[in-house]
Amino acid sequence: MKMNKKLIKIVLLMVILGSSILGLAGCGEQTNNDNKDNSQVQESKDEGLKEYNGDTEDYTGYVTCTEMEGVEFKYPENYKSAGTSTQPAFQDQEIAGASVNIVSSAMPKGYSFENYIDASIKGVKSQMTINGEINKEYINLNGRKAAKLTYSATSQGITLQVTQVVIEKDAKAYILTMGGFESDSEALAPKIDKMIKSF
């Protein structure tokens, strides 16, 4: 029973991590973009971005999450729902503490995607203890520019390895948060890679 409460706490922590990006982007610099969706990858501007393409993956054994209007992603079929209809979250039944969730919010007016990401990183750092740095990488995710953030975070005595992918679509920011205990990072890596490519 005690382990179940700890796992629920971990899933809630992952949801908080995803939500912290949304609520704390207001401390960054602004650049006027009138909330237009400028995240389609443009060859001349974003050449060299690492490509993540879900079309090349075999998703046998994965389920599609369509609860978040505007986007979808796939997660392993052994993950069970631990969220709500407005904040979908799924917990791995084989690797204790591993989970994935997605949240969304309107992009703040006047923010470029890059400014939003920089402000979000400051927000995450202000909400919890980050072990080391937050690694930021811009990627080409199925033809759309995305930001991939990876870091180790500690809150309430629990240390997690976290990967977050942020995209902008139709003037909204969507944040896919995946992770689990640091000791399970190697086992989770292939699942996380597939979930990112499916987003």
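In this report, we go over the structure that sits alongside the text. Since we're looking at a predicted model, the values are computed, not measured. (Residues numbered from 1 in each chain as written. Predicted model: local features only at pLDDT ≥ 70, side-chain atom pairs only at ≥ 80, totals over all residues. Heavy atoms only, no water.)

Another point: the overall build of the protein. Each helix and strand counted, the protein has four helices and 10 strands in total. For the protein, the sequential pattern of α-helices and β-strands runs α-α-β-β-β-β-β-β-α-β-β-β-β-α. Scored against the burial criterion, the 199 residues of the protein give a buried share of 51%. Excluding contacts between residues fewer than 6 apart, the proportion of contacts in the protein whose partners are at least 24 apart in sequence is 61%. Per element, the accessible surface of the protein, about 9,700 Å² overall, is 46% carbon and sulfur. (Helix = DSSP H or I, 4+ residues; strand = E, 2+ residues; numbered from the N terminus. Buried < 20%, exposed > 50% of the residue type's maximum accessible area, 1.4 Å probe, protein only. Contact = heavy atoms within 4.5 Å. Areas by Shrake-Rupley, 256 points an atom, 1.4 Å probe, with all protein chains shown as cover.)

It is worth spelling out the sheet that holds strand β9 (residues 158-169) at this point. Strand pairing in a sheet is mediated by backbone hydrogen bonds. Such pairs are either parallel or antiparallel. The strand order β1-β7-β8-β9-β10-β6-β5-β4 describes an open sheet built from eight strands, whose pairing is mixed. If you trace the sheet from one side to the other, it starts and ends with β1 (50-52) and β4 (79-81), each paired once. Neighbouring strand axes in the sheet, compared pairwise and without regard to direction, differ in orientation by 30° on average. Here 10 bridges tie β9 to strand β10 (residues 172-181), and the two strands are oriented antiparallel to one another. Each bridged residue has a counterpart across the sheet, and for Val162 the counterpart in β10 is Gly179. On top of the sheet, helix α3 (residues 113-127) reaches β7 (129-141), β8 (144-155), β9 and β10; it is set at about 160° to β7, its chief contact. Across the sheet, helix α4 (residues 185-198) is in contact with β1, β4, β5 (89-92), β6 (99-106), β7, β8, β9 and β10; its angle to β10 comes to roughly 160°. (Pairing = 2+ DSSP bridges. Axes fitted to C-alpha atoms, helices over the stretch in contact; angles between N-to-C directions.)

Before going further, it helps to examine the environment of Asp92. With respect to the element layout, Asp92 can be found in strand β5. As a C-alpha pair, Asp92 and Gly180 span 88 residues in sequence and 9.3 Å in three-dimensional space. Sequence-distant contacts of Asp92, defined by excluding residues within four places in its chain, comprise Asn78, Tyr79, Ala98, Leu188 and Lys191. A polar contact of 2.8 Å, which involves the side chain of Asp92, links it to the side chain of Asn78. (Polar contact = N/O pair within 3.5 Å; in protein donor to acceptor, adjacent residues only side chain to side chain.)

A few words now on unusual backbone geometry. Its identity is not glycine, yet Asn142 carries a phi of approximately 55°, on the positive side. Of note, Asn142 is situated in the loop between β7 and β8. Non-glycine residue Asp170 carries a positive phi angle of around 50°. Tracing the chain through its elements places Asp170 in the loop between β9 and β10. A relative accessible area of 56% places Asp170 in the exposed class.

Attention now goes to the nonpolar core. Membership of the largest hydrophobic core comes to 27 residues, with the highest contact counts inside it found for Phe73, Val100, Leu141 and Phe199. Among all residues touching Val100, those that are not within four sequence positions of it are Phe73, Tyr75, Tyr79, Pro88, Ala89, Phe90, Leu176, Thr177, Met178 and Met195. Core analysis: the next-biggest nonpolar cluster, separate from the first, contains 25 residues, Val124, Ile134, Tyr138 and Ile175 among them. (Core = buried A, V, L, I, M, F, W, Y, C linked by side-chain atoms within 4.5 Å.)

Inspection of the entire model under this criterion finds five aromatic pairs. Residues Tyr59 and Tyr62 carry aromatic rings whose centres are separated by 5.7 Å and whose planes lie at 80° to one another, so their mutual orientation is edge-to-face. On the basis of relative accessibility, which here comes to 14%, the residue Tyr59 falls in the buried class. Relative to Tyr75, the ring of Phe73 lies with its centre 6.1 Å away and its plane at 55°, an arrangement referred to as tilted. Taking the relative accessible area as the measure of exposure, Phe73 reaches 1% and is therefore buried. Its relative accessible area of 9% is what places Tyr75 among the buried residues. (Phe/Tyr/Trp six-rings, centres within 6.5 Å; stacked < 30°, edge-to-face > 60°.)

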